[in-house]
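Topology and contacts: notes
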Amino acid sequence: MKLYGRIKALDEKQRILTLGTHGRVVKLYLERGMYQRHILHLQIGHRMLVTVTPRKQKHPKYKILHIHKIIGQNRKDRLIFSQKSIVEDTKTLLNEMRTTMFLDMEMSMHPYHFDKHFVQEIIQVAYLIVDENNEIIKRVSQFIKPHKHPKLSHRTLKFLTLTQEDVDRGVDFKTFYETFEADLKTYKPAIMVWGKNDQIALKMSLELHDITPEVTPRFVNLLQLHKNVFLYKDDLGLVKAFELYGHQLNHSQQHDALEDAHMTYRIFEGFKAVLNQERKNPHPRLQKH
């Protein structure tokens, strides 16, 4: 159910917000992630529109499921936060992009036994570069030789659809990065990734190989944009998102970098079309504001 009212109090330790609404006072619980995202907005006197849901715990009875908007307490009724503005800002961001890169990386995995010296390394990279007319102008798919641990763990070989021979025939990371950075300089793309892992992996590999980038990659986390717009509490899987936009894998997920890069591209197309109201929204948790 939706509630609209004025913030009366906030217990920061327990994350319990007191809302005055229609002549009564209601205490509402905020989960940690929501609290951290909105802590600067949650000021006594501000008004807010929220969707709440019952809790199993007796106190408080309800938790905030979504915050739709927060309005300041001054006479001008200043809008401090609006879910609708997040949707519109995301739409503008995607529509203003020109050249985009859809990047995916696969990493080596820890062995089944604990090894404190083990370092994860990028062993496969793939990306598509797409121009402003939505045409794929370049495809890259490469295996990369691990530097610290040349022999892949059984866990890695079981999880990924590659072989030891594949990475043995690959290029070293520095050679890959020279090509990658040349493409960044040439095309100046926004780099679309699904989640934070690829950005973290690239940063770790640059540090491992003592490389100082000449170009700072501009990453856009497509998963996080979905969570912001469609109000997903938990991460949405790549394959699930791919299927939501009307596509279907004819096999189980291979965890192949090129296949995952293509899926990210198709998800981007569907996401952009939904934001532009060119196709029906497939996300069941989208709230209307």
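Reference entry: report on the structure contained in this document. (Residues numbered from 1 in each chain as written. Predicted model: local features only at pLDDT ≥ 70, side-chain atom pairs only at ≥ 80, totals over all residues. Heavy atoms only, no water.)

This part is about the pattern of salt bridges. Per the stated rule, a full pass over the model turns up eight salt bridges. Measuring nitrogen to oxygen at the nearest pair gives 3.1 Å for the salt bridge that ties Arg 169 to Asp 166. A relative accessible area of 63% places Arg 169 in the exposed class. A salt bridge links Asp 235 to Lys 227, with the nearest nitrogen and oxygen atoms 2.8 Å apart. Residue Lys 227 is classed as buried on the basis of its relative accessible area of 18%. One salt-bridge network, in which partners are shared between bridges, spans Glu 31, Lys 63 and Lys 233. (Salt bridge = Lys/Arg side-chain N within 4 Å of Asp/Glu carboxyl O. Buried < 20%, exposed > 50% of the residue type's maximum accessible area, 1.4 Å probe, protein only.)

Below, the discussion takes up the side chain of Thr 21. Assignment of secondary structure puts Thr 21 in strand 2 (residues 16-21). The exposure class assigned to Thr 21 is buried, which follows from its relative accessible area of 2%. Looking at Thr 21, its side chain comes within polar contact range of the main-chain oxygen of Tyr 4, at 2.7 Å. Ignoring anything within four residues of it in the chain, the contact list for Thr 21 reads Tyr 4, Gly 5 and Val 26. (Helix = DSSP H or I, 4+ residues; strand = E, 2+ residues; numbered from the N terminus. Polar contact = N/O pair within 3.5 Å; in protein donor to acceptor, adjacent residues only side chain to side chain. Contact = heavy atoms within 4.5 Å.)

By themselves, these observations are geometric and do not establish any function.
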